[in-house]
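# Commentary on secondary and tertiary structure
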Amino acid sequence: MTDRPRKSTRYRDIAAEMQKEIRLGTYPIGELLPIETELMARFAASRQTVREALRIVTEQGLIVRRAGLGSVVIATEPPVLFTHSVKSLNEWLRYSNETYRQVVQSRDVTADRKLATMLKCEPGKHWFLIESIRRADAFAEPLGWTEIYVLRKFSGVIERRDHGRAPVHEQIAKMYGQTIEYAQLEVLARGMPAKMAKHLKVKPGSPALTMVRRYYGQREELFEVTITTHPEGRYTYSMDMQRSLRPRV
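Residues numbered from 1 in each chain as written. Predicted model: local features only at pLDDT ≥ 70, side-chain atom pairs only at ≥ 80, totals over all residues. Heavy atoms only, no water.

### Here we look at the overall build of the protein
Formally: Secondary structure counts use DSSP, requiring at least four H or I residues in a row for a helix and at least two E residues in a row for a strand, with both numbered from the N terminus. Each residue's exposure class comes from its accessible area (1.4 Å probe, protein chains only) as a fraction of the maximum for that residue type: buried when under 20%, exposed when over 50%, partly exposed otherwise. Contacts are residue-level and defined by heavy atoms, with any inter-residue pair within 4.5 Å sufficient. Computed with a 1.4 Å probe, the accessible areas rest on the Shrake-Rupley method; for each residue, only the protein chains presented here act as cover.
If you tally the helices and strands in the protein, you get 7 helices and 10 strands. Every one of the 249 residues in the protein was classed for burial, and the buried ones make up 41%. Contacts in the protein between residues at least 24 apart in sequence constitute 60% of all its contacts with a sequence separation of at least 6. Accessible surface computed for the protein: about 14,900 Å², of which carbon and sulfur atoms make up 50%.

### Side note on the environment of Q60
Within the secondary structure, Q60 sits in the loop between α3 (47–59) and β1 (63–66). Classification of Q60 by relative accessible area gives partly exposed; the value is 30%. Spatially, the C-alpha atom of Q60 lies 8.4 Å from that of E77, the residues being 17 residues apart in sequence.

### Side note on the packing of aromatic side chains
As a reminder of what qualifies: In this scheme Phe, Tyr and Trp rings, the latter by its six-membered ring, pair at centre separations within 6.5 Å, and the angle between planes marks the pair as stacked below 30 degrees, edge-to-face above 60, and tilted otherwise.
In this structure the tally under the stated criterion is 3 aromatic pairs. Ring centres of F154 and F223 lie 6.2 Å apart, and the angle between their planes is 90°; this geometry places the pair in the edge-to-face category. Residue F154 is found in the loop between β6 (144–150) and α6 (168–176), and its partner F223 is found in strand β9 (residues 222–231); the two are separated by 69 residues along the sequence. Note on F154: relative accessible area 4%, which makes it buried. Classification of F223 by relative accessible area gives buried; the value is 0%. When the centroid spacing of 4.5 Å and the interplanar angle of 5° are considered together, the rings of Y182 and Y216 count as stacked. Here Y182 is found in strand β7 (residues 182–191), whereas its partner Y216 is found in strand β8 (residues 207–216), with 34 residues between them in sequence.

### With respect to the side chain of Q171
To keep it simple, the criterion reads: Pairs of N or O atoms within 3.5 Å make up the polar contacts considered here, provided that, within protein, one atom can donate a hydrogen while the other can accept it, and that residues adjacent in sequence are counted only when both atoms are side-chain atoms.
Within the element layout of this structure, Q171 appears in helix α6. Residue Q171 is classed as buried on the basis of its relative accessible area, which comes to 1%. Only 2.7 Å separates the side chain of Q171 from the backbone oxygen of A166, close enough to count as a polar contact. Contacts of Q171, omitting those with residues within four sequence positions, involve R101, V157, R160, D162, H163 and A166.

See below:
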């Protein structure tokens, strides 16, 4: 006797079938998928099962569901898009554990006026620079280009076996006892710098999102700055916030 398929398997099977049909052009971009009742009849499934299947297809970026209209096809293949959801300040200070850094090169640098403005340090300050490509095991395309500036006395982090998989500020804390007293996060839009474009397989000047994280230790010493630049459509941040309740008087 064969066991009946579980509900969780069923809605995933339905989602896979819809994904296949969208990919093959059965439902071209701009057209509507059948309504829920038609899908229920076709797959002999409950409304809840069909809705779960549509949720999966929606999350993959293939359709968008519009009230009073239905499910509209917007893509034939899932976009190369990594979503980083954060719910706390600590999560803003580090990247998702699902990503890692592939080191390209490292070297000593001295901040000129332009770099000093970006890092928010004095011109002439000495840094150790680690340049990497940020990747995720689940995606073939690179997610971004990372420049990590640390004080030269912390350059030993590059030798750690876990260097590419762990946040550098955590490695500095373990190796040197330097902890974060406070941090800054800056988000800016800019054109993709030419030196990064080739590594990220995009055109120079194309839209890019840059995240700058600055880490300060005791006596307000700036000891690390991480600058990560993401090509358009490769990485998105999702932040959940909740309004705090006013205390009762």
